[in-house]
Amino acid sequence: MTSVLFPGASRGATYKLRIAQFVFGKCPSVVSTLVFLLWRSTTGNKGLDQFFTLPSSRYRTFCNLLTRVPGLSETARFMLDSAMIDGAVCDIVEYGPARALGSGTSYREATGRILRHFEFHGRLAQEHYRAAVPDDSIYESDRALSDAIERLDELDSHERSRVGGWLFFALRKLLLLVYHDGRGEQVPQLGARSMQLQARLSRDLPRPSKELAGILEARQIAFEDLKLISPDWSALIGHMGHLDVHLRMRDMGWWSGSPLLATEASKIANRCYFELLQERCPTLVLEDGMSTAVWAELCALTKYFGVSHQLWGSKERPVGYWNDWGAVALKEWSDRGLGFPMRDAYDRKFQHSDEAASAMQAFRRTFGMADGEWYVCLHMRDAATRGERSGSGETVRNAGLSNYFEAINDITAQGGWVVRMGGPNVPPLPKMARVIDYARSDARSPLMDLHLVRNARLFIGTTSGFAYVATSFDVPSALVNCISSIGLLWTERTRFALKPIRTADGRLLSQRDQTSDRWRWAFPTHESLARAGLALSDNSPDEILQTVREVQEIACGQERQSPLIDRWRASLTNPGFYGASLPSSHFLDKHGRDLLDPA
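Computed from a predicted model, the values in this text were never measured in an experiment.

Trainee: Can you lay out the sheet that holds strand E11 (residues 477-482) for me, pointing to particular residues and giving the numbers?
Mentor: What links the strands of a sheet is backbone hydrogen bonding, and the strands pair in either a parallel or an antiparallel sense. With parallel pairing, the seven strands of this open sheet are ordered in space as E9-E8-E7-E10-E11-E12-E15. With one partner strand each, in any of the chains shown, strand E9 (435-436) and strand E15 (582-583) form the two edges of the open sheet. As judged from the two bridges shared by strand E12 (residues 494-498) and E15, these two strands associate in the parallel manner. By the bridge assignment, Phe496 is partnered in E15 with Pro583. Each of strand E7 (375-378), strand E8 (417-420), E9 and strand E10 (458-461) is contacted by helix H18 (residues 405-413), which is oriented at about 135° to E8, the strand it contacts most.

Trainee: I'd like a rundown of helix H4 (residues 73-93), residues and numbers included.
Mentor: Because the α-helix completes a turn every 3.6 residues, residues three or four places apart line up on one side. Compared with the 30 Å implied by 1.5 Å per residue over 21 residues, the 31 Å span of H4 between its first and last C-alpha is a close match. Along H4, 15 of the 21 residues are buried, which leaves the element largely enclosed by surrounding structure.

Trainee: Describe the pairing of strand E2 (residues 258-263), naming the residues involved and giving the relevant values.
Mentor: Burial of E2 is extensive: six of the six residues sit out of reach of the surface. A two-sided burial pattern is seen for E2, the buried positions comprising Ser258, Leu260 and Ala262 on one face and Pro259, Leu261 and Thr263 on the other. Here strand E1 (residues 226-229) pairs with E2 via four bridges, running parallel. The residue of E2 that forms the bridge with Ile229 is Leu261. Handedness of the β-α-β unit built from E1, helix H11 (residues 237-251) and E2 comes out right-handed. Sheet topology note: the E2/strand E3 (residues 283-285) ladder contains three bridges and is parallel. Within E3, the position partnered with Thr263 by the bridge is Val285.

Trainee: I'd love a proper account of the packing of H4 against helix H6 (residues 123-132), names of residues and values included.
Mentor: Contact pair H4 / H6: the axes reach a minimum separation of 8 Å and the direction vectors enclose 30°. On the basis of their axis angle, the class for H4 and H6 is roughly parallel. Packed against H4, whose contacting residues are Asp86, Gly87, Val89 and Cys90, the element H6 presents Arg123, Leu124, Ala125 and His128 at the interface. For the contact of H4 with H6, the class distribution of residues is four nonpolar, two polar and two charged.

Trainee: Let's hear about the state of the cysteines: which residues, and what values?
Mentor: Using the criterion set out here, one finds zero disulfides in the structure. Of all cysteine sulfurs in the structure, the one in Cys299 sits closest to Cys90, which takes part in no disulfide; the separation is 13 Å. The exposure class of Cys90 is buried, given its relative accessible area of 1%.

Trainee: Give a detailed account of the pairing of E8, specifying residues and quantitative values.
Mentor: Here E8 shows a buried face lined by Trp417 and Val419 and a second buried face lined by Val418 and Arg420. Sheet analysis places E7 next to E8, joined by four bridges and oriented parallel. Note on E8: the bridge partner recorded for Tyr375 is Trp417. Looking at chain direction, E8 and E9 are connected through two bridges and run parallel. Residue pairing in the sheet places Val419 in a bridge with Ile436 of E9.

Trainee: I'd like a description of the pattern of salt bridges, backed by residues and values.
Mentor: If you walk through the whole model with that rule in mind, you get 37 salt bridges. In this structure, Glu275 and Lys349 form a salt bridge, with 3.7 Å as the shortest nitrogen-oxygen distance. Of the two residues, Glu275 is situated in helix H12 (residues 271-278) and Lys349 in helix H16 (residues 341-351); the sequence distance between them amounts to 74 residues. When its relative accessible area of 25% is taken as the criterion, Glu275 is described as partly exposed. Several salt bridges share partner residues, and in doing so they unite Asp153, Arg160, Arg200, Arg203 and Asp204 into one network.

Trainee: How would you explain the confidence of the model for the protein if you had to name every residue and give the values?
Mentor: For the protein, the mean per-residue pLDDT works out to 90, and 93% of the residues sit at or above 70. Low pLDDT (under 50) marks residues 7-13, which in the prediction has 17 contacts with non-local residues, meaning those over four places away or in another chain.

Trainee: Pulling in residues and values, what's your account of the nonpolar core?
Mentor: Counting 99 residues, the largest nonpolar core has Tyr404, Leu452 and Phe473 as the members making the most contacts within it. Among residues more than four places away in sequence, those in contact with Phe473 are Tyr273, Leu276, Met342, Arg343, Tyr346, Leu450, Val453 and Arg454.

Trainee: With reference to specific residues and values, describe the packing of H12 against H16.
Mentor: The geometry of H12 relative to H16 is characterised by a closest axis approach of 9 Å and an angle of 110° between their N-to-C directions. Overall, the two elements H12 and H16 adopt an arrangement that is roughly perpendicular. Touching Cys272, Tyr273, Glu275, Leu276 and Leu277 of H12 are Met342, Ala345, Tyr346, Lys349 and Phe350, all from H16. Broken down by class, the residue content of the contact of H12 with H16 amounts to eight nonpolar, no polar and two charged.

Trainee: Break down the sheet that holds strand E4 (residues 306-307) for me, with residues and values.
Mentor: Reading across from one edge, E3-E2-E1-E4 is the order of the four strands in this open sheet, with parallel pairing throughout. Edge positions in the sheet fall to E3 and E4, since each of these pairs with one other strand and no more. In this fold H12 packs onto E2 and E3, with an angle of close to 140° to the strand it touches most, E3.

Trainee: So, the side chain of Thr75: which residues are in play, and what are the values?
Mentor: Examined against the element boundaries, Thr75 turns out to sit in helix H4. Residue class for Thr75 comes out buried when judged on its relative accessible area of 2%. Here Arg40 takes part through its side chain, which lies 3.3 Å from a polar atom of the side chain of Thr75. In this structure, Thr75 is in contact with Phe36, Leu37, Arg40 and Ser41, ignoring residues within four places of it in sequence.

Trainee: Could you give me a rundown of a nonpolar patch on the surface, with the residues and numbers involved?
Mentor: A cluster of nonpolar side chains, namely Val30, Val31, Leu34, Val35, Trp39 and Phe62, defines an oily patch on the protein surface of about 450 Å² accessible area. Considering each element in turn, the nonpolar patch owes the most residues, five residues, to helix H2 (residues 29-43). In this structure Val30 comes out as partly exposed when scored by relative accessible area, which is 44%.

Trainee: An account of the packing of aromatic side chains is requested, with residue identities and associated values reported.
Mentor: Within this structure, the stated rule accounts for 23 aromatic pairs. Judged by centre distance (5.2 Å) and plane angle (85°), the ring pair of Phe168 and Phe169 falls under edge-to-face. Between Trp568 and Tyr578 the ring centres are 5.8 Å apart and the planes differ by 40°, which places this aromatic pair in the tilted class. Note that Trp568 is positioned in helix H24 (residues 565-570) and Tyr578 in the loop between H24 and E15, a separation of ten residues in sequence. Grouping residues by exposure puts Trp568 and Tyr578 together as buried.

Quick notes on the rules
- All residue numbers refer to position in the chain's written sequence, counted from 1.
- Owing to the predicted nature of the model, reporting of local features is limited to residues with pLDDT of at least 70; listing and counting of side-chain atom pairs is limited to 80 or more, with chain, interface and lining totals taken over all residues.
- Note: side-chain values were computed over all heavy atoms of the structure, leaving out hydrogens and water.
- Each pair of strands is called paired provided DSSP finds at least two bridges between the two strands.
- Where helices and strands are cited, they refer to DSSP runs of H or I of at least four residues and of E of at least two residues respectively, numbered from the N terminus.
- When checking whether two residues touch, look at their non-hydrogen atoms; a contact exists if any pair is within 4.5 Å.
- Axis angles are defined between N-to-C directions and span 0 to 180 degrees, where every axis is a line fitted to C-alpha atoms and, for a helix, only to the segment in contact.
- A helix is expected to reach a length of 1.5 Å times the quantity of its residues less one.
- Only protein chains enter the area calculation, which uses a 1.4 Å probe; residues under 20% of their type maximum are buried, those over 50% are exposed, and those in between are partly exposed.
- Note on handedness: a crossover is taken as right-handed if, strands pointing away from the viewer, the path from the first strand over the helix to the second is clockwise.
- An angle below 35 degrees is read as roughly parallel, one above 145 as roughly antiparallel, one from 65 to 115 as roughly perpendicular, and any other as oblique.
- Residues are sorted three ways: Asp, Glu, Lys and Arg are charged, Ala, Val, Leu, Ile, Met, Phe, Trp, Tyr, Cys and Pro are nonpolar, and all the rest, Gly among them, are polar.
- Cysteine sulfur atoms are paired as a disulfide whenever they fall within 2.5 Å.
- By definition, a salt bridge exists where a carboxyl oxygen of Asp or Glu is found within 4 Å of a side-chain nitrogen of Lys or Arg.
- Each residue carries a pLDDT score, the predictor's confidence in it, ranging from 0 to 100.
- Residues belong to one nonpolar core when they are buried, are Ala, Val, Leu, Ile, Met, Phe, Trp, Tyr or Cys, and are joined through side-chain atoms within 4.5 Å.
- Counted as a polar contact is a pair of N or O atoms within 3.5 Å, where, for protein atoms, one must be capable of donating a hydrogen and the other of accepting one, and residues adjacent in sequence contribute only when both atoms are in side chains.
- Here the term patch refers to residues with relative accessible area over 30% and no salt bridge, with like charges joined within 9 Å and nonpolar side chains (Val, Leu, Ile, Met, Phe, Trp, Tyr) within 5 Å.
- Per-residue and other accessible areas follow the Shrake-Rupley method at a 1.4 Å probe size, with only the shown protein chains counted as cover for residues.
- Here a pair means two rings of Phe, Tyr or Trp (six-membered ring of Trp) with centres within 6.5 Å. Their orientation is stacked below 30 degrees between planes, edge-to-face above 60, and tilted elsewhere.

As structure tokens, this is what we get:
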């Protein structure tokens, strides 16, 4: 129950986990099963569902009988289903040359546990993991972990796929934990071992099924060259922006192989943006005719061909966090003047389409914006979008509206409009002239999300995924209230202002601090910031206003740089951290004394 695969294994485990550890870890199996059955059936509470599965096959007869008992039948059926899913999880993780996979609903559910969250909740999966990896302490020692991987050579191919499978998915889970736990400095080391393991497992490739072989052949993908892109790359619009850059890395020769994005309809953040990626990356969508058997097979092949969304490395470049290398790659792409593939794809497919023209005409008519009037898009990250609670977790990247009013009023005073972007659950804006709360309107659609940004004079955003839509379309971008532990995929027509971060004694963290491993891994969450003794604040109204004004100049073909820009570049621990972008001149001039290395 303490395995890295168990949900909540990071610091600050939830009360549900503590209850589950006691009920399912300390109590005898018969007691825990009865407690769960009665508690769930009487209260209707499903909070412990993710932690339960039948202790053994002997309990199935008992549960089959209970499916006929009113009041207990629904929970009994759930218990039986969970056992089937648990077994399917083990089959998928342990898949190899000498193993076969089944199909059906249980395998469909099992892939969800593996691909989306890298968590295995059932007792059977825990037991299989413990049989394969009896000591979690190997993850605390690079030498011990490397030795464990090397010892796979002593096993036959069947055992190698079994033990290696659990090791692979455990490392994927651990990579998530250490980043969100404020221990991101461990990512390169763990990532290097994960890639070492994947290379070792790939020596024993299973043969593809006839159905999968046909799918690959139709897409001109050789099985040995497959680079499997998981649903995580399409689940958020920012992650699709990452995939855009990942494909650019291939175009520059940073990696080779044949990518295939396999995902589910529910894991496509924006279908129109997804269609732009399809021009450069073959895709499979489960609901678009792919069988459950092939879906499970692709999931099982992740340990051989899966492309991590967290890490990247090559013979020429050491393993590191993917975003760090993505930002460096984007800078190289920009320096070489290689253009904007997503913008060009959008213009070919949607920019002049009847659908986009009709939607834009209706938008202008609804909100009273005359033809030819210009506008900017505004996006502020807020807790409501992901159901977060302010003051916890990743809401470190959020910001309030009040400090934006000067910039908003400056735009509308010039005759422009401000179109607020975001999800439908964002807090409402106050009524303001020439300000449109598109996020909460009926005009929202995947196409309009893109069309509004593509045709905006400029984009005002922050460190959220939506900013990558604007930068991938080469829309001049003013990004404010920014904070990030990892490299940022920002283009040359982007200017930014960072959230000031201070130590307990009031010292402002410099750019060298903020891009160093000593401090940057404390930034992912409020909790990790607190453990590091750091406090942050939002950008002030003048910082937002002047950053927006500078980007307006860029949009009009006028560009200026602070005389401090060379000192800023020299002050970065990671020179490619901000991609091709630059800090706003006002922000740099205002904070240069504390932010930059001495002249």
